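Notes for the structure review
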Amino acid sequence: MPDFADHAGRYAPSPSGDLHFGNLRTAVLAWLFARQSGRKFYMRVEDIDSERSSMESAQRQLEDLAAIGIEWDEPVVYQHDRGEAYASALAKLDTYECYCSRRDIREAASAPHAQPGMYPGTCRDLTEEQRAYRRSQLSQSGRLPAIRLRAHAERWTVNDVYKGEFTGPVDDVILKRGGNANQAQVGDWAYNLAVVVDDGYQSIDQVVRGDDLLGSAPAQAYLAHELGFPDPEYVHVPLVVTADGRRLAKRDGAVTLRQMAEDGGVQRVVEQIASSLGHPDVSSMGELLDRFDPLGLSREPWVWGISE
Ligand code: GLU
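Read on for a plain summary of the structure.

Here is what the cut-offs are and how they apply
Sequence positions are assigned chain by chain, starting from 1 and proceeding in written order. The predicted nature of this model means local features are confined to residues of pLDDT at least 70 and side-chain atom pairs, given and counted, to a pLDDT of 80 or more, with totals for whole chains, interfaces and linings taken over all residues. Here the side-chain values reflect all heavy atoms present in the structure, with hydrogen atoms and water set aside. The rule is simple: take the accessible area with a 1.4 Å probe, protein chains only, and divide by the maximum for that residue type; under 20% is buried, over 50% is exposed, in between is partly exposed. Helix and strand labels come from DSSP, where a helix needs a run of H or I of at least four residues and a strand needs a run of E of at least two; each type is numbered from the N terminus. Two strands qualify as a pair provided that DSSP identifies no fewer than 2 bridges between them. Every crossover in which the path from the first strand over the helix to the second runs clockwise, viewed with the strands pointing away from the viewer, is termed right-handed. Think of a nonpolar core as a cluster: buried Ala, Val, Leu, Ile, Met, Phe, Trp, Tyr and Cys residues, connected wherever their side-chain atoms sit within 4.5 Å. Two residues form a contact once any of their heavy atoms are found within 4.5 Å. Expected helix span is taken as 1.5 Å per residue step, with the number of steps being one fewer than the number of residues. Directions drawn from the helix axis to the C-beta atoms are what define this arc. Summary of the distance rule: residues count as near a molecule or strand when at least one heavy atom falls within 4 Å of that molecule or strand. Two N or O atoms count as a polar contact when they lie within 3.5 Å, although within protein this holds only if one can serve as hydrogen donor and the other as acceptor, and sequence-adjacent residues are included solely when both atoms are side-chain atoms. To be clear on the numbers: accessible area is Shrake-Rupley with a 1.4 Å probe, and residue cover counts the displayed protein chains and nothing else. Under the scheme applied here, ten amino acids are nonpolar (Ala, Val, Leu, Ile, Met, Phe, Trp, Tyr, Cys and Pro), four are charged (Asp, Glu, Lys and Arg), and all others, including Gly, are polar. Throughout, an axis means a line fitted to C-alpha atoms (over the contacting stretch in the case of helices), and angles, computed between N-to-C directions, take values from 0 to 180 degrees. Angle categories: roughly parallel below 35 degrees, roughly antiparallel above 145, roughly perpendicular from 65 to 115, and oblique for all the rest.

Description of the pairing of strand E9 (residues 204-210)
Within E9, seven of the seven residues are buried, leaving the element largely enclosed by the surrounding structure. One ladder, built from two bridges, connects strand E1 (residues 8-11) with E9; its direction is parallel. When the sheet's bridge partners are listed, Ala8 is paired in E9 with Ile204. Across five bridges, E9 lies against strand E10 (residues 233-237) in parallel orientation. From the neighbouring strand, Gln206 faces E10, where its bridge partner is Glu233. For the handedness criterion, the β-α-β arrangement of E9, helix H7 (residues 217-226) and E10 is classed as right-handed.

Pasting the structure below:
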């Protein structure tokens, strides 16, 4: 087993295409926070979703991150290698099988007392007999049940450097997705379980990522607590958005490093990232590391093509 340092930050991209300016900016922030605080900095390739991920994309993402001057400590962790660790974490948690289809959940969630966005609890308290029936019904259509966390807290509080104390619902999150009974079960692990198990494994005690994930932090921190991992420090950073307020996406034009570098080279992109972090006069990552002030970072989203 690799020996991960006690204090570390990370960047954990999903390899489903090239990173865009917003992803690169978040990666730079994660690197700055880790290195300024004397932490190790690890990369984790979040490729549990085998249909959307590819090794080729992972390779290109790592190349792009290296090209802008981010350096990281070895080894790089790939989630496709981590099935055993997820299985042993799952065995330690209080869980239950869930037989619901998306449609079942949607319908139950529209009942008058349901809480929007939360699992309505349909399968939480079924009897063994009911479970056997639902399981056999599902297997007739070639499906296996999903596994959910039986959460023993409704809400959980995390501390975030920018957002302060943030309390949110825990929910009975999916830990393992229901699969096709006839196919191998790789790729069915759910994001929330994989992130928490891997952060624990890599000794991550500082999680810097886009603030679109703030809402997942309470459930993840609760899971970490249940698995005996210490609470990381959270730093949810503002995203890069378009002028109409949408999260920047690849369809917004020349937004990947390779596209942007066609016009001015990688150097120009580094300058743009530095500028978006409040340092328009900085032209190298080393200088940015010296000068970046976390408290001076704007708490507003960076607007692509408009913010200066
Ligand atoms: N893999 C996730 C993403 O690319 C990030 C997960 C995390 O940082 O916790 O959005």
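Some thoughts on the nonpolar core
A general feature of soluble globular proteins is that nonpolar side chains tend to end up buried together. Counting 43 residues, the largest nonpolar core has Leu65 and Ile70 as its most contacted members. Taken together, the elements giving at least two residues each to this core come down to helix H1 (21-36), strand E2 (40-45), helix H2 (55-67), strand E3 (73-78), E10, helix H8 (257-261), helix H9 (265-276) and helix H10 (285-291). No other element matches the ten residues that H1 contributes to this core. For Ile70, the contacting residues outside a window of four places in its chain are Ala27, Val28, Trp31, Phe41, Met43, Leu65 and Met285. Of all hydrophobic cores here, the second largest spans 22 residues; its members include Leu93, Leu149, Ala151 and Leu223.

Description of H2
The end-to-end C-alpha distance of H2, which contains 13 residues, comes to 18 Å, matching closely the 18 Å that a straight helix rising 1.5 Å per residue would cover. Three or more residues of H2 are buried, namely Ser57, Ala58, Gln61, Leu62, Asp64 and Leu65. Summarising the axial view, the buried residues of H2 lie within an arc of 160 degrees, below the 170-degree limit, and thus occupy one face. Those residues of H2 that are buried lie in contact with E1, H1, E2, E3 and H8. At the exit of H2 stands Gly69, carrying a positive phi of roughly 105 degrees.

Section: the pairing of E1
Neither face of E1 is open: one carries Ala8 and Arg10, the other Gly9 and Tyr11, and all of them are buried. Here four bridges tie E1 to E2, and the two strands are oriented parallel to one another. Opposite Tyr11, over in E2, you have Met43 as the bridge partner.

Quick look at the site of the ligand
Taken together, the residues surrounding the ligand are Arg10, Ala12, Pro13, Ser14, Glu46, Tyr191, Arg209 and Leu213. Taking Glu46, its side chain carries an N or O atom lying 2.5 Å from a nitrogen atom of the ligand. Here the ligand, which alone exposes 310 Å², has 76% of that area covered by the protein. Looking at side-chain class alone, the shell around the ligand contains four nonpolar, one polar and three charged residues.

Here we look at unusual backbone geometry
In the segment running from Glu74 into Pro75, the intervening peptide bond is cis, with an omega of -5 degrees. Take Pro75: it is sitting in strand E3. Look at Asp171: it is not a glycine, yet its phi comes out positive at around 70 degrees. Given a relative accessible area of 17%, Asp171 falls into the buried group. Positive phi is not limited to glycine here, since Ser203 has a value of about 55 degrees. Looking at the secondary structure, you find Ser203 in the loop between helix H6 (191-201) and E9.

Topic: the packing of helix H3 (residues 83-92) against H6
Helices that pack against each other are described as a pair by the angle of their axes relative to one another and the distance between those axes. It is at 10 Å that the axes of H3 and H6 come closest, and there the two elements cross at 100 degrees. One way to sum up the angle between H3 and H6 is to call them roughly perpendicular. Of H6, the residues touching H3 (which contributes Ala85, Tyr86, Ala89 and Leu90) are Leu193, Ala194, Val197 and Asp198. Along the lines of polarity and charge, the residues of the contact of H3 with H6 split into seven nonpolar, no polar and one charged.

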